[in-house]
Amino acid sequence: MEKNDRLNISAGTRKLVYCALLTALGVVLGGMLSIPATPKIGFGVLPVIIAAVLYGPVYGGVVGGLTDLIQALIFPKGPYMPWFTVIGVLFGVIPGLFFAKGQPVTWKRLFAAIFTGQTVCSVILNTLLLMWLYGSPYHIVYARIINQAVMIPLYTVMVYWLIKTLKRGGVI
């Protein structure tokens, strides 16, 4: 008998609780523990990616959207712009599409999922939004590309290690 069976916790309830915890962790990592550089250096997207990999694009999108919305309410950095929340949803949906049918977590698939999500959301969409809303120069795309060239492999290693550790420990 599994530990969760003894507690009579349904799979849906467990998934909801894990997503709530990942959302809270994303808010803390993204709001309090990020380095306000240009572009921002932080790990708030890690819980979003983990939710997407473990539970698919819908849960990843919900965690991404809620993480962005709650961060904007608790740690405002200017007026609330819903377009950033839409991009936050995409931060979870895009990697989740790579694991929508419960595919195993492999280095290659995880790297492709994170690379695609970060390139589309951080490098392209966030850059365009910053240029459109705040008149940022197009040159910021170079800084964002360099940032993601470092962060994508780092995210891949961290997410892979965290998921393997959580599975080995029987948490997920």
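Everything quoted here is computed from the prediction, not taken from an experiment.

Caption draft 1: Structural view of the overall build of the protein. In terms of regular secondary structure, the protein is built from seven helices and zero strands. Element order for the protein, N to C, with α for helix and β for strand: α-α-α-α-α-α-α. Computed over its C-alpha atoms, the radius of gyration of the protein comes to 16 Å, within 12% of the 16 Å expected for a compact globule of 172 residues. Per-residue burial over the protein gives 38% buried out of 172 residues. Sequence separation of at least 24 residues holds for 69% of the intrachain contacts in the protein that already meet a minimum separation of 6.

Caption draft 2: The arrangement of the environment of Thr23 in detail. Inspection of the secondary structure assignment puts Thr23 in helix α2 (residues 11-31). As a C-alpha pair, Thr23 and Phe91 span 68 residues in sequence and 13 Å in three-dimensional space. If we ignore the near neighbours within four places in the chain, the residues touching Thr23 are Val63, Leu66, Thr67 and Ile70.

Caption draft 3: Region of the structure containing the environment of Ala72. In this structure, Ala72 sits in helix α4 (residues 57-74). Taking the C-alpha atoms as reference points, Ala72 and Ser10, 62 residues apart in sequence, are found 32 Å from one another.

Caption draft 4: Up close: the side chain of Arg144. Within the secondary structure layout, Arg144 lies in helix α7 (residues 140-168). Although Arg144 is buried, it forms no salt bridge, and the closest oppositely charged side chain is Asp68 at an N-O distance of 11 Å.

Caption draft 5: Molecular detail of the packing of helix α5 (residues 82-97) against helix α6 (residues 107-134). Contact geometry of α5 with α6 gives a least axis separation of 8 Å together with a crossing angle of 170 degrees. With respect to their mutual orientation, α5 and α6 come out roughly antiparallel. A per-class count over the contact of α5 with α6 returns 16 nonpolar, five polar and no charged.

Caption draft 6: Expanded view of the nonpolar core. Ile49, Val53, Val105, Leu110, Ile114, Tyr155 and Val159 are the most contacted members of the largest nonpolar core, which has 28 residues in total. Taken together, the elements giving at least two residues each to this core come down to α2, α3 (46-55), α5, α6 and α7. When residues of this core are assigned to their parent elements, the largest contribution, seven residues, is made by α3.

Caption draft 7: View of a nonpolar patch on the surface. Together, Val58, Tyr59, Val62, Leu66, Leu69, Leu73, Ile74 and Tyr80 give the surface a local cluster of nonpolar side chains, amounting to about 750 Å² of exposed area. Turning to its location among the elements, Val58 is positioned in helix α4. When its relative accessible area of 61% is taken as the criterion, Val58 is described as exposed.

Caption draft 8: Just the layout of surface pockets, in detail. As a volume, the largest pocket reaches approximately 1,200 Å³. Surrounding the largest pocket, 41 residues form its lining, Lys40, Asp68, Gln71, Phe84 and Asn126 being those nearest its centre. Mapped by element, the contributors of at least two residues to the lining of the largest pocket are α2, α4, α5, α6 and α7. Here the lining of the largest pocket gets seven residues from one element, more than from any other, and that element is α7.

Reading the values: the criteria
Residues numbered from 1 in each chain as written. Predicted model: local features only at pLDDT ≥ 70, side-chain atom pairs only at ≥ 80, totals over all residues. Heavy atoms only, no water. Helix = DSSP H or I, 4+ residues; strand = E, 2+ residues; numbered from the N terminus. Rg over C-alpha atoms; globule rule 2.2 N^0.38 Å. Buried < 20%, exposed > 50% of the residue type's maximum accessible area, 1.4 Å probe, protein only. Contact = heavy atoms within 4.5 Å. Lys, Arg positive; Asp, Glu negative; His and termini not counted. Salt bridge = Lys/Arg side-chain N within 4 Å of Asp/Glu carboxyl O. Axes fitted to C-alpha atoms, helices over the stretch in contact; angles between N-to-C directions. Parallel < 35°, antiparallel > 145°, perpendicular 65-115°, else oblique. Nonpolar A, V, L, I, M, F, W, Y, C, P; charged D, E, K, R; others polar. Core = buried A, V, L, I, M, F, W, Y, C linked by side-chain atoms within 4.5 Å. Patch = residues over 30% accessible without salt bridge, like charges linked within 9 Å, V, L, I, M, F, W, Y side chains within 5 Å. Areas by Shrake-Rupley, 256 points an atom, 1.4 Å probe, with all protein chains shown as cover. 1 Å grid on protein atoms, 1.4 Å probe; cavity = no way out; pocket = protein on both sides within 12 Å on 5 of 7 lines; lining within 4 Å. Points joined across faces, edges and corners; volume = space filled by probe spheres on them.

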